[in-house]
Amino acid sequence: MTIWGAFGRRVVQLLATMLVVSFLVHLALQSNIDSVAVKVLGQYSTEAQRHAWLVENHYDDPLLTRYWRWLGGVMQGDWGMSRHYQERIGVLLRPRLAASALLAGLALAITVPLSLALGVAAGVRAGGPADRAISALAIVTTSVPDFAMAAFLVAIFVLGLGWLPGVSTMADGVAWRELVLPVAVLVLASTGYLARATRASMVEVMGQPHIRMARLKGVGPVRIITHHALRNALLTPVTLIMLQIPWLLSGVIITEVFFAYRGFGTLLYQAALNSDVSLIQAGAMVSVVVVVTSQLLGDLLQRALDPRLRTA
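Residues numbered from 1 in each chain as written. Predicted model: local features only at pLDDT ≥ 70, side-chain atom pairs only at ≥ 80, totals over all residues. Heavy atoms only, no water.

As annotated in an unreviewed UniProt entry, the protein carries the name ABC transporter permease subunit and is attributed to Sandarakinorhabdus fusca. Of the comments in the UniProt record for the protein, the one headed Subcellular location (unreviewed entry) reads "Cell membrane". Regarding the protein, the UniProt comment filed under Sequence similarities (unreviewed entry) reads as follows: "Belongs to the binding-protein-dependent transport system permease family." (UniProt positions renumbered as here; feature names shortened; annotations may be inferred.)

Printed below as a string of structure tokens:
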């Protein structure tokens with residue numbers, strides 16, 4: 001099968017996955033219409049008020065009919081209305097997604113080259129001083145929870161030194177100083193994990209016969225790394241990096257809430273606090289789209305790095 005044939009088959013599989021997940025999300029959030037009415041109108045609403053609201057919003061239709069109506073609206077860009085914000089969900093999502101994309105993009109732009117460089121440096125001379133120092137640093141940063149790391153950085157750079165602001169509200173537009181601490185928390189949370197994975201992959205590749213043969217032929221260490229080892233060693237880290245993308249977008253709730261950053265994670269957090277069912281459903285589907293798209297990009301990158309996968 002050609003690479004484009006495999007790509008097309010993968011796209012169909014991922015679209016089918018998105019369709020199934022969208023139905024399951026709709027089923028989980030909208031199947032109990034009495035619960036939906038209570039969440040929207042509050043627990044002190046009367047039975048008559050709930051019934052009137054359900055009829056007015058077509059909740060008396062069968063579940064499948066409501067699902068297809070909701071899916072048709074989503075396909076046309078209509079996510080519905082947020083009960084808590086009294087605003088169209090599409091209007092709410094765009095600036096929040098842009099804010100989280102800025103935060104995640106900056107974190108990813110620093111995390112990827114830093115973790116790959118640390119992982120390669122540790123893996124090339126496994127067991128050496130550099131390996132032990134990098135491994136210890138990676139274990140410390142990955143074992144500290146995000147909120148504890150955020151509190152630690154705030155204590156040093158906000159309360160101690162007074163160099164940076166302790167919140168990132170972006171009230172007057174993009175303020176780069178306000179981005180430093182949230183980005184630092186995300187970088188520290190991700191770099192150690194990716195560096196450890198890169199190190200393990202690098203150690204395995206450096207022990208393979210073609211690397212030993214290159215050494216016996218007198219090939220320099222830099223050329224061995226860049227021309228013979230790095231390409232194979234990147235297969236596992238690339239997969240992990242693709243998995244980091246959805247985590248950075250939708251899994252940064254703690255970081256965004258801690259720094260009062262008005263991003264997608266904070267929006268989902270507030271939607272959950274206020275039982276905003278339509279907004280939760282829209283946020284869940286955005287997360288699914290990000291996960292599916294990152295998996296597709298990961299497949300393409302793996303095929304580009306490993307020629308054996310192009311014929312699979």
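S.K.: Break down the overall build of the protein for me, citing the residues and quoting the values.
M.R.: Each helix and strand counted, the protein has 14 helices and 2 strands in total. Summarising its shape, the C-alpha atoms of the protein cover approximately 85 × 60 × 30 Å along the three principal directions. Considering the protein as a whole, with its 312 residues, one finds that 39% of them fall into the buried category. Across the protein, the fraction of contacts at a sequence separation of at least 24, relative to all contacts at a separation of at least 6, is 71%. Carbon together with sulfur atoms contributes 67% to the accessible area of the protein, which is approximately 16600 Å² in total. (Helix = DSSP H or I, 4+ residues; strand = E, 2+ residues; numbered from the N terminus. Buried < 20%, exposed > 50% of the residue type's maximum accessible area, 1.4 Å probe, protein only. Contact = heavy atoms within 4.5 Å. Areas by Shrake-Rupley, 256 points an atom, 1.4 Å probe, with all protein chains shown as cover.)

S.K.: Give a description of the packing of helix 8 (residues 176-206) against helix 10 (residues 221-233) that names residues and reports values.
M.R.: Following both chains from N to C, one finds helix 8 and helix 10 inclined at 120°, their axes separated by 9 Å at the closest point. The orientation of helix 8 with respect to helix 10, classified from their angle, is oblique. For the pair helix 8 and helix 10, the crossing hand works out as right-handed. For the pair helix 8 and helix 10, contact is made by Ser 201, Met 202, Val 205 and Met 206 and by Ile 224, Ile 225, Ala 229, Asn 232 and Ala 233, respectively. Its residues placed into classes, the contact of helix 8 with helix 10 shows 7 nonpolar, 2 polar and no charged. (Axes fitted to C-alpha atoms, helices over the stretch in contact; angles between N-to-C directions. Parallel < 35°, antiparallel > 145°, perpendicular 65-115°, else oblique. Left-handed = near helix turned anticlockwise from the far one by under 90°. Nonpolar A, V, L, I, M, F, W, Y, C, P; charged D, E, K, R; others polar.)

S.K.: Mind laying out the nonpolar core, listing which residues take part and the relevant values?
M.R.: In terms of nonpolar packing, the biggest core is built from 21 residues, with Trp 70, Trp 79, Ile 89, Leu 93 and Val 286 touching the most fellow members. Where this core is concerned, the elements lending two or more residues are helix 1 (3-30), helix 4 (63-75), helix 5 (89-124), helix 13 (264-273) and helix 14 (277-305). Ranked by residue count, the leading element in this core is helix 14, at 8 residues. Two domains each put at least three residues into this core: domain 1 (3-87) and domain 2 (90-309). Those residues in contact with Trp 70 that sit more than four places away from it in its chain are Ser 22, His 26, Gln 281 and Met 285. The next biggest cluster of nonpolar side chains, apart from the first, holds 12 residues, and it includes Met 170, Leu 179, Val 183 and Tyr 261. (Core = buried A, V, L, I, M, F, W, Y, C linked by side-chain atoms within 4.5 Å. Domains from an automatic or database assignment.)

S.K.: Give a description of the packing of aromatic side chains that names residues and reports values.
M.R.: Per the stated rule, a full pass over the model turns up 6 aromatic pairs. The rings of Phe 23, Tyr 67, Trp 68 and Trp 70 are connected pair by pair, giving a single aromatic cluster. (Phe/Tyr/Trp six-rings, centres within 6.5 Å; stacked < 30°, edge-to-face > 60°.)

S.K.: Go over the domain arrangement of the protein with me, naming the residues and quoting the values.
M.R.: Domain boundaries in the protein define domain 1 (3-87) and domain 2 (90-309). Relative placement of domain 1 and domain 2: their C-alpha centres are 32 Å apart. Listed by partner, the interface residues are 22 residues for domain 1 and 27 residues for domain 2. When domain 1 packs against domain 2, the two sides together hide about 2400 Å² of surface, and 71% of this comes from carbon and sulfur. Scanning the region where domain 1 abuts domain 2 turns up 0 salt bridges. Linking domain 1 to domain 2 there are 7 residue pairs in polar contact (both at pLDDT 80 or more). (Buried area = accessible area lost by both parts, 1.4 Å probe. Salt bridge = Lys/Arg side-chain N within 4 Å of Asp/Glu carboxyl O. Polar contact = N/O pair within 3.5 Å; in protein donor to acceptor, adjacent residues only side chain to side chain.)

S.K.: Quick rundown of the packing of helix 5 against helix 13? Include the residues and the values.
M.R.: The geometry of a pair of packed helices is captured by two quantities: the angle between their axes and the separation between those axes. Direction vectors running N to C along helix 5 and helix 13 enclose 130°, while the axes themselves pass 7 Å from each other. By the angle class used here, helix 5 and helix 13 are oblique. Note on element contacts: helix 13 touches helix 5 through Phe 264, Gly 265, Thr 266, Leu 267 and Gln 270, opposite Leu 92, Leu 93, Arg 96, Leu 97 and Ser 100. Residues that form the contact of helix 5 with helix 13 fall into these classes: 5 nonpolar, 4 polar and 1 charged.

S.K.: Before we move on, can you summarise the UniProt feature "transmembrane region" (unreviewed entry) in the protein with the specific residues and values?
M.R.: On the UniProt side, "transmembrane region" (unreviewed entry) is annotated at positions that read residues 12-29, 101-124, 136-159, 179-196, 233-259 and 279-301 here. Counting secondary structure, residues 101-124 comes out at 100% helix and 0% strand; the distance between its end C-alpha atoms is 34 Å. Taken as a whole, residues 136-159 contains 92% helix and 0% strand, while its terminal C-alpha atoms sit 27 Å from one another.

S.K.: I'd like a description of the side chain of Thr 255, backed by residues and values.
M.R.: Tracing the sequence through the fold places Thr 255 in helix 12 (residues 253-258). Those residues in contact with Thr 255 that sit more than four places away from it in its chain are Asp 146, Pro 182, Val 185 and Leu 186.

S.K.: So what's going on with the environment of Ile 156? Residues and values would help.
M.R.: Tracing the sequence through the fold places Ile 156 in helix 7 (residues 146-160). Residue Ile 156 is classed as partly exposed on the basis of its relative accessible area of 30%. A C-alpha to C-alpha distance of 29 Å links Ile 156 and Ala 121, two positions 35 residues apart in sequence.

S.K.: Describe in detail unusual backbone geometry, supporting the description with residues and values.
M.R.: Glycine aside, negative phi is the norm for most residues, and most peptide bonds take the trans geometry. Although it is not a glycine, Gln 86 sits at a positive phi angle of roughly 50°. One can find Gln 86 in the loop between strand 1 (81-82) and strand 2 (87-88). A relative accessible area of 59% places Gln 86 in the exposed class. Positioned with a positive phi, Ala 260 is a non-glycine residue whose angle comes to about 55°.

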